[in-house]
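# Tertiary structure, described
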Amino acid sequence: MGLINKIFGSTIERKEEKVLPWIALNALSQLDDIKEKSSIKTQVVFKHSTRCGISRMVVNQFVDAYDLEEEDLDLYFLDLLKYRDVSNEVGYKFQVMHESPQLLIIKNGVVVNHASHGSINEVDLSLFIS
């Protein structure tokens, strides 16, 4: 197909890649910062398993549907396989049972909403903007 596309041109338009304002969540100390900052600005943690097809599909759908600005909330991305200790501590600190993929919305130091799997993309984040 590559040669044919070069000769006749391709009619397939490439989709522009959308980039979210992710903040890498990779240290235990960040959890205290998230809790503290949540009194001023909504904090969101997306826990993702890099080896799971469902998690990959959900994160791609999340990225496609995301329509908030960087100043609306802080958006953290946690690779839960690479940072297992951070993932475990998220559950303890915010009293939420671990699931993957998982979205946690934190305000005033507590989780005000959380979802996993396909339910993540049903959450309207605009309802939680500080």
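Please read these numbers as outputs of a predicted model, since none were measured by experiment.

Volume-wise, the largest pocket comes out at about 210 Å³. Lining the largest pocket we find 11 residues, and of these Glu17, Lys18, Val59, Asn60 and Val63 sit closest to its centre. No other element matches the 4 residues that helix α3 (residues 53–65) contributes to the lining of the largest pocket. A class-by-class count of the residues in the lining of the largest pocket yields 5 nonpolar, 1 polar and 5 charged. Lining of the second largest pocket is provided by Phe62, Ala65, Tyr66, Asp67, Leu68, Ile120, Asn121, Val123, Asp124, Leu125 and Ser126.

Core analysis: the largest hydrophobic core is formed by 18 residues, its most contacted members being Phe62, Tyr66, Leu103 and Leu125. If we ignore the near neighbours within four places in the chain, the residues touching leucine 103 are Val44, Val45, Phe46, Phe62, Asn113, His114, Ala115, Ile120, Val123 and Leu125. Ranked by size, the runner-up nonpolar core spans 13 residues in total, among them Leu31, Ile34, Val86 and Val90.

That bond from serine 100 to proline 101 is cis: its omega, -5°, falls within 30 degrees of zero. When you line up the elements, proline 101 lands in the loop between α4 (84–94) and β4 (102–107). Positive phi, close to 55°, is recorded for glutamine 95, a residue that is not glycine. When you line up the elements, glutamine 95 lands in the loop between α4 and β4.

Moving on, we come to the environment of asparagine 113. Here asparagine 113 shows up in strand β5 (residues 110–116). On a C-alpha basis, the gap between asparagine 113 and leucine 125 in space is 9.7 Å, while along the polypeptide they are 12 residues apart.

Further remarks concern the sheet that holds strand β1 (residues 22–24). Pairing in this open sheet of 5 strands is mixed, and the strands run β1-β3-β2-β4-β5 from one edge to the other. Every interior strand has two partners, whereas the edge strands, β1 and β5, have only one. Strand-to-strand twist of the sheet, defined as the mean angle between neighbouring strand axes without regard to direction, takes the value 25°. Examined bridge by bridge, strand β2 (residues 43–48) and β4 share 5 bridges and lie antiparallel to one another. Within β4, the residue paired with phenylalanine 46 across the bridge is leucine 103.

Further remarks concern the pairing of β2. Taken across its 6 residues, β2 has 6 buried, putting it largely inside the fold. The alternating pattern of β2 places Gln43, Val45 and Lys47 on one face and Val44, Phe46 and His48 on the opposite face, and all of these are buried. Across 6 bridges, β2 lies against strand β3 (residues 74–79) in parallel orientation. Note on β3: the bridge partner recorded for histidine 48 is aspartate 79. This β-α-β element, β2 to α3 to β3, shows right-handed connectivity.

Criteria and cut-off values
Residues numbered from 1 in each chain as written. Predicted model: local features only at pLDDT ≥ 70, side-chain atom pairs only at ≥ 80, totals over all residues. Heavy atoms only, no water. 1 Å grid on protein atoms, 1.4 Å probe; cavity = no way out; pocket = protein on both sides within 12 Å on 5 of 7 lines; lining within 4 Å. Points joined across faces, edges and corners; volume = space filled by probe spheres on them. Helix = DSSP H or I, 4+ residues; strand = E, 2+ residues; numbered from the N terminus. Nonpolar A, V, L, I, M, F, W, Y, C, P; charged D, E, K, R; others polar. Core = buried A, V, L, I, M, F, W, Y, C linked by side-chain atoms within 4.5 Å. Buried < 20%, exposed > 50% of the residue type's maximum accessible area, 1.4 Å probe, protein only. Contact = heavy atoms within 4.5 Å. Pairing = 2+ DSSP bridges. Axes fitted to C-alpha atoms, helices over the stretch in contact; angles between N-to-C directions. Right-handed = clockwise from strand over helix to strand, strands pointing away.

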